[in-house]
Amino acid sequence: MLDARFVRENIELIKKSLDDRHYPVEIGEFLQIEEKRLAFQRASEELRNKRNVVSEEIGRLKSRKQDATPQIEAMQSVADQIKALDDQIKALEEKTGAFLLNLPNIPHESVPPGKDESENVEVRRWGEPRQFDFEPLNHWDIGELLDIIDFDRGAKIAGARFSLMKGMGAKLERALMNFMLDLNTSKGYKEVFPPILVNRESMTGTGQLPKFEQELFRIADPEFYLIPTAEVPVTNIHRNEILNEQDLPLSYTAYTPCFRREAGSYGKDVRGLIRQHQFNKVEMVKFVTPETSFDEIESLTGNAEEILQRLELPYRVIALCTGDLGFSSAKTYDLEVWLPGQQRYREISSCSNFTDFQARRANIRFRRQGKKGTEFVHTLNGSGLAIGRTLVAVLENYQQKNGSILVPAALRPYMDIEVIQ
RNA sequence: GGAGAGGUGGCCGAGCCGGUCGAAGGCAGCCGCCUGCUAAGCGGUUGUGGGGGUAACACUCCACCCAGGGUUCGAAUCCCUGCCUCUCCGCCA
C-alpha cells in the first residue's frame, strides 16, 4: 500500500507508474475524496475540542454541586454533529482505503519498461545446457517409469494438480528441502517453521488480499487461508512491530507447503509437477533499512542462484519489466532453470524488493539509533527455491540413457545413494 | 466441549462504584549533578498515529488503556460482539 499523503502529493508519479505497468486505475476521484475527508476531519476535531473543553467544565460544576443543564443541553447537539461527521468520514475512508489497497507499488527506476513478459530482460546466464546423445524425457515420464511420482493416485486422493511422491521421489523432495535450508542458514538466514493457515490480516499485510482472493484456498469456518507462499507468515512475523535499527537486516528462511488455486490457468501445464495446487518451497525473507534494499535484492538473488550453482543446474536471470511486475513489487528478478524435457527455461525462483509497500500494509517499522520517530522497513523475499520445480530440473537434467537419474553431488549426503533407478 | 480469570505505556503494575487519566508507583532508557573509579544517591526527562503550523524545530489540536460496535454532555472505567492468554473439569493423543 502507498501512503495516502504521498499519493496526494505525487499524483503525477502515480499516474506514470500505473501507465508503465499498463495497469488501469481511475485516480481522478481520489483527490477530491481526500480533500473532503480532510475537511470533515478538521471540522470533527474542532467540535471534539469544544466538547472536551465544555465536558471538563461540566465535571467541575458537578463536583461543586452546581447546575450544568445548559452546558449538557448544548453539548447534546454537538455530539450529534460529531457523530454525523464521523459517519461521513468513515464512508470516505472506506473509499480511499479500498482505492489505496488496490493501488500497486511503484516500479523502481532500474526496472526495464515493457508491456508484458515478452519485454522482460535477460540479465545473465549460468551453465551450459547439457548435450544429450539420446532424446531426453519429460519429468512426468521419468517419474512414472521410475515409479517415484504417481499422478493418477494423486488425482484419486485429492484431484487434478495433485501428485503422490513415492520412494526415492519422496526422499529427493526431502533431500532438496534440507539441502536448501542448510545452505540458507549457513548464509545467515534464521530458520523458522511458521503456521501454514493464516488469518485475513496476514493475507492483507503482504498484499494477497483483497485483490487476489480467487488465488487462495480458504477454510470457511472458522475462517483461515492456506498460504500460497511462506512469504505470508514469515513477513507477518513482525506485523505491527517496531524493530531496532541495529537488529536489521533480519533474514529468515522457511520451508512450507504452498497452496494455490491456479484459477484461470486451466490448460496450462496440466501435465507434470510444474503447476500444482500444493507444492513445497523454501523461502527467504528479509527486513532491511530503506537505503540498503536495492543492494539486498542483489545479494538475495545471489543466494538463490548459489543453490542452482551447487546443484549444477543451468539457469538464467530475468529482470521483469514494468508490465510484468507483481502487484506489491518495486523490482523483481526471476530465476529460470533449464528443462531439457521441455527445451526451455522455466521459472524456479522469484526475488523481489517490495520497498515499504508491504511494511506499510503490515505496519512493520523501525527506529533509527538516537533518532526520534519511526520509519517503515523495506521487505524482500525470494524463493530459495521451489522444491517441486527443482526436483523436475534434477530429473530432467540428470537423466541417463538407461532411464536412471544421477544424484547431484551436492545432494548425495542427503540421499545416501548416487543413482535413482 | 463445560466452568472461571484476565488483556493498561519498552517491561512490571495501580486505576475499573464514569469527569482534572496519556494514565499512580516501580524497573529500564536518556540528560544533568555528585563521586578518585565502580556502585549507590539526587534532580529532570522518555510512547504512537493523524490534522494544523514551521525553511526546519518549537508550538498546537484530535485520536489511541487488545479489536470493533453501543450507552453518555463526558468511558481505561458501564453494555454487546470478536480475538488472544491463563486456570480447572472433560475428551483425544
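Residues numbered from 1 in each chain as written. Chains lettered and ligands numbered in written order. Predicted model: local features only at pLDDT ≥ 70, side-chain atom pairs only at ≥ 80, totals over all residues. Heavy atoms only, no water.

Focus: the sheet that holds strand β7 (residues 224-226)
(1) Moving on: Reading across the sheet, the three strands line up as β5-β7-β6 and stay open at both edges, with antiparallel pairing between neighbours. Each edge of the open sheet is held by one strand with a lone partner, namely β5 (197-198) and β6 (218-219).
(2) Moving on: With two bridges connecting them, β5 and β7 associate as antiparallel partners. The partner of leucine 197 across the bridge, within β7, is leucine 226. (Pairing = 2+ DSSP bridges. Helix = DSSP H or I, 4+ residues; strand = E, 2+ residues; numbered from the N terminus.)

Some remarks on the domain arrangement of chain A
By a frequent convention, interface size equals the accessible area lost on bringing the separate parts together.
(1) Moving on: Domain boundaries in chain A define domain 1 (4-101) and domain 2 (117-420).
(2) Moving on: For domain 1 versus domain 2, the separation of C-alpha centres amounts to 43 Å.
(3) Moving on: At the interface, five residues of domain 1 touch 10 residues of domain 2.
(4) Moving on: The contact between domain 1 and domain 2 buries some 630 Å² in all, and 47% of this surface belongs to carbon and sulfur atoms.
(5) Moving on: Summed over the three residues of domain 1 that lose the most area to domain 2, namely Arg21, Tyr23 and Leu101, the buried surface amounts to 83% of that side.
(6) Moving on: For the pair domain 1 and domain 2, the number of links is zero salt bridges.
(7) Moving on: Here domain 1 is connected to domain 2 by six residue pairs in polar contact (both at pLDDT 80 or more).
(8) Moving on: In terms of residue class, the side of domain 1 that touches domain 2 is made up of two nonpolar, one polar and two charged. (Domains from an automatic or database assignment. Contact = heavy atoms within 4.5 Å. Buried area = accessible area lost by both parts, 1.4 Å probe. Salt bridge = Lys/Arg side-chain N within 4 Å of Asp/Glu carboxyl O. Polar contact = N/O pair within 3.5 Å; in protein donor to acceptor, adjacent residues only side chain to side chain. Nonpolar A, V, L, I, M, F, W, Y, C, P; charged D, E, K, R; others polar.)

Some thoughts on a nonpolar patch on the surface
(1) Moving on: Residues Leu197, Ile219 and Phe224 make up a contiguous nonpolar surface patch of about 210 Å² in total accessible area.
(2) Moving on: Considering the arrangement of structural elements, one finds phenylalanine 224 in strand β7.
(3) Moving on: Phenylalanine 224 gets classed as partly exposed once you look at its relative accessible area, which sits at 32%. (Patch = residues over 30% accessible without salt bridge, like charges linked within 9 Å, V, L, I, M, F, W, Y side chains within 5 Å. Areas by Shrake-Rupley, 256 points an atom, 1.4 Å probe, with all protein chains shown as cover. Buried < 20%, exposed > 50% of the residue type's maximum accessible area, 1.4 Å probe, protein only.)

Observations regarding the sheet that holds strand β8 (residues 241-244)
(1) Moving on: Across the sheet, three strands lie side by side as β8-β14-β15; this open sheet has mixed pairing. The open sheet terminates on both sides in strands that have one partner only, identified here as β8 and β15 (375-376).

Quick word on the pattern of salt bridges
Pairs can form between side chains of opposite charge once their charged atoms are near each other.
(1) Moving on: One pass over the full model with this rule turns up 27 salt bridges.
(2) Moving on: Between glutamate 213 and arginine 200 there is a salt bridge, with its nearest N and O atoms 3.9 Å apart. Of this pair, glutamate 213 sits in the loop between α8 (200-206) and β6 while arginine 200 sits in helix α8, and the two are 13 residues apart along the sequence.
(3) Moving on: Measuring nitrogen to oxygen at the nearest pair gives 3.0 Å for the salt bridge that ties arginine 275 to aspartate 269.
(4) Moving on: A residue is classified by how much of its surface remains accessible, and arginine 275, at 16% relative accessible area, is buried.
(5) Moving on: Taken together, the salt bridges that share partners define one network made up of Glu122, Arg125, Arg316 and Glu336.

Here we look at the protein's contact with RNA strand B
(1) Moving on: In the vicinity of RNA strand B there are 25 residues, among which Asn49, Gln76, Arg365, Arg367 and Thr374 approach most closely.
(2) Moving on: For RNA strand B, the backbone portion of the atoms within 4 Å of the protein, that is sugar and phosphate, comes to 70%.
(3) Moving on: Between glutamine 41 and RNA strand B, the recorded distance is 3.1 Å, taken from a side-chain N or O atom to a sugar or linking oxygen.
(4) Moving on: In this structure, a phosphate oxygen belonging to RNA strand B sits 2.9 Å away from a side-chain N or O atom of arginine 367.
(5) Moving on: When residues of the surface near RNA strand B are traced back to their parent elements, those giving at least two are α1 (4-9), α3 (28-63), α4 (69-101) and β14 (364-367).
(6) Moving on: Examining the composition of the surface near RNA strand B, we find that 12 residues originate from one element, α3, more than from any other.
(7) Moving on: When grouped by side-chain class, the residues that make up the surface near RNA strand B number four nonpolar, nine polar and 12 charged. (Near = heavy atom within 4 Å.)

Quick notes on α4
(1) Moving on: The end-to-end C-alpha distance of α4, which contains 33 residues, comes to 47 Å, matching closely the 48 Å that a straight helix rising 1.5 Å per residue would cover.
(2) Moving on: What α4 keeps buried is the set Met75, Val78, Ile82, Leu85, Ile89, Leu92, Thr96, Phe99 and Leu100.
(3) Moving on: Residues of α4 that are buried make contact with α1 and α3. (Expected span 1.5 Å × (residues − 1).)

Details of the packing of helix α7 (residues 167-186) against helix α12 (residues 387-397)
(1) Moving on: The geometry of α7 relative to α12 is characterised by a closest axis approach of 10 Å and an angle of 115 degrees between their N-to-C directions. By the angle class used here, α7 and α12 are roughly perpendicular. Of the two possible hands of crossing, α7 and α12 adopt the one that is right-handed. Listed contacts from α12 to Gly169, Leu172, Glu173, Leu176, Met177 and Met180 of α7 are Ile387, Gly388, Thr390, Leu391, Val394 and Leu395.
(2) Moving on: Broken down by class, the residue content of the contact of α7 with α12 amounts to eight nonpolar, three polar and one charged. (Axes fitted to C-alpha atoms, helices over the stretch in contact; angles between N-to-C directions. Parallel < 35°, antiparallel > 145°, perpendicular 65-115°, else oblique. Left-handed = near helix turned anticlockwise from the far one by under 90°.)

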